[in-house]
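Topology and contacts: notes
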Amino acid sequence: MDQHTVAFLNQPGVGFFSLIIIGIIAGWVAERVTASNHGLLTNLLVGVAGAFIGDKLASVLNVPVFGFFRTLIAAIVGAIVLLWVWRAVRGR
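Owing to the predicted nature of the structure, the values given are computational and were not obtained by experimental measurement. (Residues numbered from 1 in each chain as written. Predicted model: local features only at pLDDT ≥ 70, side-chain atom pairs only at ≥ 80, totals over all residues. Heavy atoms only, no water.)

1. Things to note about the nonpolar core
Core analysis: the biggest nonpolar cluster contains seven residues, these being Leu19, Ile22, Ala26, Ala51, Leu72, Ala75 and Ile76. When contributions to this core are tallied by element, the ones reaching two or more residues are α2 (16-33) and α4 (67-91). (Core = buried A, V, L, I, M, F, W, Y, C linked by side-chain atoms within 4.5 Å. Buried < 20%, exposed > 50% of the residue type's maximum accessible area, 1.4 Å probe, protein only. Helix = DSSP H or I, 4+ residues; strand = E, 2+ residues; numbered from the N terminus.)

Listed below in structure tokens is the structure:
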């Protein structure tokens, strides 16, 4: 993987298509955990946004996130946090 790809994705070892798969899986798991009902595209968007949120949370907690499975776990946690915050804001 070249330097530009790593800089763009900010996740060494995770390519563009892997990030799409991670996003779909993380969005689906977060949907099930929070008892939401979304479509595939929304799951993808929530999962990808959750990957970035999870990465930032992991860096604050000083937990290294790299590779497919660690990125997937961080994305799931970030997507759950994102949906929880979204519901808290929308509920008011």
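Additional details are given in the paragraphs that follow.
2. Notes on α2
With 18 residues, α2 should cover 26 Å at 1.5 Å per step; its first-to-last C-alpha distance of 26 Å lies within 8% of that length. Two residues or fewer past α2, Ala35 is found with a positive phi of approximately 55°. (Expected span 1.5 Å × (residues − 1).)

3. Here we look at helix α3 (residues 40-60)
Look at α3: 30 Å from first C-alpha to last across 21 residues, which is about the 30 Å you get at 1.5 Å a residue. When we look at burial in α3, the residues that qualify are Asn43, Leu44, Val46, Gly47, Val48, Gly50, Ala51, Gly54, Asp55 and Ala58. Of the surrounding elements, those touching the buried residues of α3 are α2 and α4. In the segment just after α3, Asn62 is the residue with positive phi, at about 60°. (Contact = heavy atoms within 4.5 Å.)

4. What to know about unusual backbone geometry
Positive phi, close to 55°, is recorded for Ala35, a residue that is not glycine. With respect to the helices, strands and loops of the structure, Ala35 is situated in the loop between α2 and α3. A positive phi is found at Asn62, a non-glycine position, where the angle reads about 60°. You can see Asn62 is positioned in the loop between α3 and α4. Assessed through its relative accessible area of 68%, Asn62 is described here as exposed.

5. Focus: the packing of α3 against α4
Put simply, α3 and α4 touch, their axes get as near as 6 Å, and they point 105° apart. It follows from the interaxial angle that α3 and α4 lie roughly perpendicular. Together, Val46, Gly47, Ala49, Gly50, Ala51, Ile53, Gly54, Asp55 and Leu57 of α3 and Ala74, Ala75, Gly78, Ala79, Val81, Leu82 and Leu83 of α4 make up the contact between the two elements. Its residues assigned to classes, the contact of α3 with α4 shows eleven nonpolar, four polar and one charged. (Axes fitted to C-alpha atoms, helices over the stretch in contact; angles between N-to-C directions. Parallel < 35°, antiparallel > 145°, perpendicular 65-115°, else oblique. Nonpolar A, V, L, I, M, F, W, Y, C, P; charged D, E, K, R; others polar.)

6. A look at a nonpolar patch on the surface
Side chains of Leu57, Ile73, Val77, Val81, Trp84, Val85 and Val89 sit close together on the surface and give an oily, nonpolar patch of about 650 Å² of accessible area. No other element matches α4, which puts six residues into the nonpolar patch. As for its position among the elements, Val89 is in helix α4. Residue Val89 is classed as exposed on the basis of its relative accessible area of 56%. (Patch = residues over 30% accessible without salt bridge, like charges linked within 9 Å, V, L, I, M, F, W, Y side chains within 5 Å. Areas by Shrake-Rupley, 256 points an atom, 1.4 Å probe, with all protein chains shown as cover. Salt bridge = Lys/Arg side-chain N within 4 Å of Asp/Glu carboxyl O.)

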